[in-house]
Amino acid sequence: MILQALDAYYRRKQADPDPAKRLPADGLEDKEIPFVLELDASGALLDITDTRSYEGKKKIGQRFLVPQSVKKTSGVAANLFWDNAEYVLGVPDSKKLDESRKKNKETDYRQRLTEMRAVFRSKIAALPTPAQDDAGVRAVLAFLDTLELSTLERFPAFADIQASNPVLSFRLSGDFGLVCQRTAVVGAATASSDAAPDGLCLVRNEAAAIERLHPAIKGVWGAQTSGANIVSFNLDAFNSYGKLQGANAPLGKAAVFAYTTALNHLLARDSRQRIQVGDASTVFWAEEDHALESAIPDLFGDPPKDDPDRSVRAVEALYSAVHSGKFTAGGPDTRFHVLGLAPNAARIAIRFWETNTATELAQRIKQHFDDIDIVHADYEPRYLSLFRLLTAVALLNKADNIPPNLGGEVMRAILEGLPYPRTLMNLAVTRCRAEQQVSYARAAILKASLNRWIRFRQSHEKEFLPMLDLANTNPGYRLGRLFATLERIQEDAAGGPGRLNASIRDRYYGAASSTPAAVFSTLLRLSKHHLGKLSTGLAISRERLIGEIMDGFDASSFPPRILPLPDQARFALGYYQQRQAFFTKSEPKNVEESQ
């Protein structure tokens, strides 16, 4: 199903009327080439062009359409007209050279370099006659036959090549494109294979020459930089019925090229159809051009600094589309696919896979934003990104500390309309207790998690509102409100927030939220002392609020001995919403104002 959807996406992009949007034809791929060797017609090296430019703090090379890469294993296998400096120039990789010297195998390594150069040249020399007659091909062969590394030292870029073993290619002087982009070379690279069909392709349901080794998938965060595979068999234990490697999952060469090209395109660094959700590299596409394809990064990601309102506009457009049933591009019944990938050694694990209509998907995403909607300060973002939600429950709020599977599980819950994973709420409660701080993001997580469980279990409990709910009688929620009120009284007695070295929240939040019987009697007694320092009107207002909150408790069971974890979440939510209520309404200053 996944490979069939990717194959269909490749075919759609190949048929795009805009050539700039088409994916590479069979036999070609889009590749970053940091350095280009400029040759004249005789094969003399004129210059080494550095194609890199800064993207943020990192230098990124220009991308070119080149012949498809070969599957490299432990043997020597060269790409056509492009490869790393070891293959193209015979320049040793500094790290490999140091390792070979430590193992007293430098001679073996240098012999391997000679073999790599020979294989690289032989692949070019093996091109059919029409390509051999091309001026660019003749220039490259002449360059390879006369190359002396000492002549390269006069070029400033050669030092970078020696240091990093980058990918190189060739360009004939006066041409705009690379040698491998010349008509004769492209024709040879994209020529259909003469291999006879030897199996039934499971993706296209047709007789085809079965691909033995599939090209690597690149761009999955945390996977090997050289790429990894979704379909691969490398041990005898994985073989069955006498079928070896690719024959275990028979896919035709054309289908393999299609699905790998489509997936690499979606995972590209500059793709607008991918987001990173925890350890899950998530890609998405529709069966026709659709507004959701470009909207999802803005819905779940942080907005750029130069356009902080982009996510707000995206969410508002989503709400409008759900209410009207119309999208700015694409139909409501268009099938939409979302695929989450995670690293797993040399392979790629499927974290989640969801396919549905655009309307159903939009409704589920809208429900997510409804669930995390909660009162907050004016300076805080109106809609929380998924990244902010996940980092809110991570140690030190660092992305590196997000539990490995959590991002994928949360994304799956959103896309399938399921309850959020229990781990999310548990971590939010734990961070609130450890840091004595209920932040906007954590409160949103707690409200959303509780409401989804109430809805999923069809409980009689009332769902939590975005703002303070005075009618909610849950003991955990009421205790959170009471704790916030007692903290506010202490702050009032000290002259306002920020005047205390340590508030009751700093000292007692953990115990109050888990074992309230141990601390609330002490806190209520202390509040009498703090109330005595307030003006008459404010003291009456605060005592009245305490009385209203206490009315929701059974006197025989107050305060509860312990609060289970779900009630600790309700405690944090009640505390947060009561605190927000203090800052969003005017406070009485005297008796007349309070009556």
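Numbering of residues begins from 1 in every chain and follows the order in which that chain's sequence is written. Side-chain atom pairs in this predicted model are given and counted only at pLDDT of 80 or more, local residue features only at pLDDT of at least 70, and totals for whole chains, interfaces and linings cover all residues. As a convention, hydrogens and water are excluded, and side-chain values are obtained from all of the structure's heavy atoms.

Asks: Could you clarify how one ought to interpret the overall build of the chain in this entry?
Replies: Regarding its fold elements, the chain presents 22 helices and 14 strands. Here the chain has a C-alpha radius of gyration of 32 Å; the compact-globule value for 595 residues is 25 Å, and the former is much larger. If you line up the chain on its principal axes, its C-alpha atoms span 100 × 55 × 45 Å. Every one of the 595 residues in the chain was classed for burial, and the buried ones make up 50%. Residue contacts are defined here by distance: any two heavy atoms, one from each residue, within 4.5 Å place the two residues in contact. Taking the intrachain contacts of the chain between residues at least 6 apart in sequence as the baseline, contacts between residues at least 24 apart amount to 69%. Only the protein chains shown count as cover for residues, with accessible areas throughout obtained via the Shrake-Rupley method and a probe of 1.4 Å. Only carbon and sulfur atoms are counted for the fraction: they give 51% of the accessible area of the chain, which is about 28600 Å². In this tally, Asp and Glu contribute negative charge and Lys and Arg positive charge; neither His nor the terminal groups of the chain are included. Taken as the charge location is NZ of Lys, CZ of Arg, CG of Asp or CD of Glu. Of the side-chain charges in the chain, 74 are positive and 71 negative, and the distance between the mean point of each set is 5 Å. We count a stretch as a helix when DSSP gives it H or I for four or more residues in a row; a strand needs E for two or more, and each element gets its number in order from the N terminus. Two things to know: the radius of gyration comes from C-alpha atoms, and the globule rule equals 2.2 Å times the number of residues to the power 0.38. Between buried and exposed lies partly exposed: a residue is buried under 20% and exposed over 50% of the maximum accessible area for its type, with that area taken using a 1.4 Å probe on protein chains only.

Asks: Would you take a moment to explain the sheet that holds strand E7 (residues 82–84) for this structure?
Replies: The pairing of strands in a sheet comes from backbone hydrogen bonds and takes either a parallel or an antiparallel form. The mixed open sheet is built from four strands, whose spatial order is E3-E2-E8-E7. Each edge of the open sheet carries a strand with a single partner, namely strand E3 (45–50) and E7. When the angles between neighbouring strand axes are averaged without regard to direction, this sheet yields 30°. Every axis in this analysis is a line fitted to C-alpha atoms, fitted for helices over the stretch in contact. Angles between the N-to-C directions lie between 0 and 180 degrees. Against the sheet, helix H6 (residues 135–146) contacts strand E2 (35–39), E3 and strand E8 (167–172), and its axis sits at roughly 125° relative to E8. Here a strand pair is declared whenever DSSP counts at least two bridges between the two strands.

Asks: Got a minute to help me understand the sheet that holds strand E13 (residues 335–344) in this structure?
Replies: One open sheet holds the four strands; their spatial order is E11-E12-E13-E14, and the pairing between them is antiparallel. Either end of the sheet is taken by a strand with one partner, and the two such strands are strand E11 (274–277) and strand E14 (347–357). Strand after strand, the sheet turns through a mean of 20° between neighbouring axes, direction not considered. Strand direction decides the pairing type here: strand E12 (residues 280–286) and E13, joined by six bridges, are antiparallel. The residue of E13 that forms the bridge with tryptophan 285 is histidine 337. This element, helix H10 (residues 291–300), spans E11, E12 and E13 of the sheet and lies at about 150° to E12.

Asks: I'm lost on the nonpolar core in this one. Help?
Replies: The tendency in soluble globular proteins is for nonpolar side chains to be buried as a group. As used here, the term nonpolar core means buried Ala, Val, Leu, Ile, Met, Phe, Trp, Tyr and Cys residues forming a set that is joined through side-chain atoms within 4.5 Å. Formed by 93 residues in total, the largest nonpolar core has its most connected members in Leu299, Phe300, Phe369, Leu386, Phe483 and Phe520. In terms of residue count, the dominant contributor to this core is helix H16 (residues 440–456) (nine residues). Not counting residues within four places of it along the chain, the set of residues in contact with phenylalanine 300 comprises Ile275, Ile365, His368, Ser385, Leu386, Phe387, Met411 and Ile414. Val66, Tyr87, Leu168 and Cys180 belong to the second largest nonpolar core, which has 44 residues in total.

Asks: Honestly, the pattern of salt bridges in this entry has me stumped. Any pointers?
Replies: Where charged atoms from two side chains of opposite charge come close, those side chains can pair. Any carboxyl oxygen of Asp or Glu that lies within 4 Å of a side-chain nitrogen of Lys or Arg is treated as forming a salt bridge with it. For the structure shown, the criterion picks out 43 salt bridges. Between arginine 570 and aspartate 567 there is a salt bridge; the shortest N-O distance is 3.0 Å. On the criterion of helical spacing, the pair formed by arginine 570 and aspartate 567 is a turn pair, its members being three residues apart in helix H21 (residues 565–583). Judged by relative accessible area, aspartate 567 falls into the buried class, the value being 15%. Among the charged side chains, a salt-bridge network with shared partners connects Glu487, Arg488, Glu491, Asp492, Arg505, Asp506, Arg542 and Arg579.

Asks: Is there a simple way to think about the packing of helix H3 (residues 94–102) against helix H4 (residues 106–125) in this case?
Replies: When two helices pack together, their arrangement is given by the angle between the helix axes and by the axis-to-axis distance. For the pair H3 and H4, interaxial distance at closest approach is 7 Å and the crossing angle is 140°. When H3 is examined against H4, the residues Lys96, Leu97, Ser100 and Arg101 are found in contact with a partner set consisting of Glu106, Tyr109 and Arg110. Classification convention: Asp, Glu, Lys, Arg as charged; Ala, Val, Leu, Ile, Met, Phe, Trp, Tyr, Cys, Pro as nonpolar; all other residues, Gly among them, as polar. Partitioned by chemical class, the residues of the contact of H3 with H4 number two nonpolar, one polar and four charged.

Asks: What's the story with the environment of aspartate 98 in this structure? I'm lost.
Replies: Locating aspartate 98 in the fold gives a position in helix H3. C-alpha of aspartate 98 to C-alpha of glycine 177: the two residues are 79 residues apart in sequence and 36 Å apart in space.

Asks: What am I meant to see in the packing of helix H1 (residues 2–14) against helix H9 (residues 253–267) here?
Replies: Their axes nearest at 8 Å, the elements H1 and H9 cross at an angle of 80°. Relative to H9, the element H1 is oriented roughly perpendicular. Within the contact between the two elements, H1 uses Leu3, Leu6, Asp7, Tyr9 and Tyr10 and H9 uses Ala255, Phe257, Ala258, Tyr259, Thr261, Ala262, Leu263, His265 and Leu266. Of the residues contributing to the contact of H1 with H9, the split by class is 11 nonpolar, two polar and one charged. Roughly parallel means an angle under 35 degrees; roughly antiparallel means over 145; roughly perpendicular covers 65 to 115; every other angle is labelled oblique.

Asks: Sorry if this is basic, but what is going on with the pairing of E2 here?
Replies: Walk down a regular strand and you will see the side chains alternate between the two sheet faces. Across the five residues of E2, five count as buried, placing the element largely inside the fold. A two-sided burial pattern is seen for E2, the buried positions comprising Phe35, Leu37 and Leu39 on one face and Val36 and Glu38 on the other. For E2 and E3, the ladder comprises five bridges, and the chain directions are antiparallel. Directly across from leucine 37, in E3, lies its bridge partner isoleucine 48. Between E2 and E3, which pair antiparallel one after the other, the connecting turn spans five residues, and glycine 43 there sits at a positive phi close to 95°. One ladder, built from five bridges, connects E2 with E8; its direction is parallel. Counted as the bridge partner of leucine 37 is phenylalanine 170 from E8.

Asks: I would appreciate a short explanation of the side chain of arginine 570 in the present structure.
Replies: Among the residues examined, arginine 570 registers a relative accessible area of 11% and is labelled buried. Counted as a polar contact is a pair of N or O atoms within 3.5 Å, where, for protein atoms, one must be capable of donating a hydrogen and the other of accepting one, and residues adjacent in sequence contribute only when both atoms are in side chains. Reaching out from arginine 570, the side chain makes a polar contact with the side chain of glutamate 461 at a distance of 2.9 Å. Setting aside chain neighbours within four positions, we find arginine 570 in contact with Leu450, Glu461, Phe464, Asn474, Gly476 and Tyr477.

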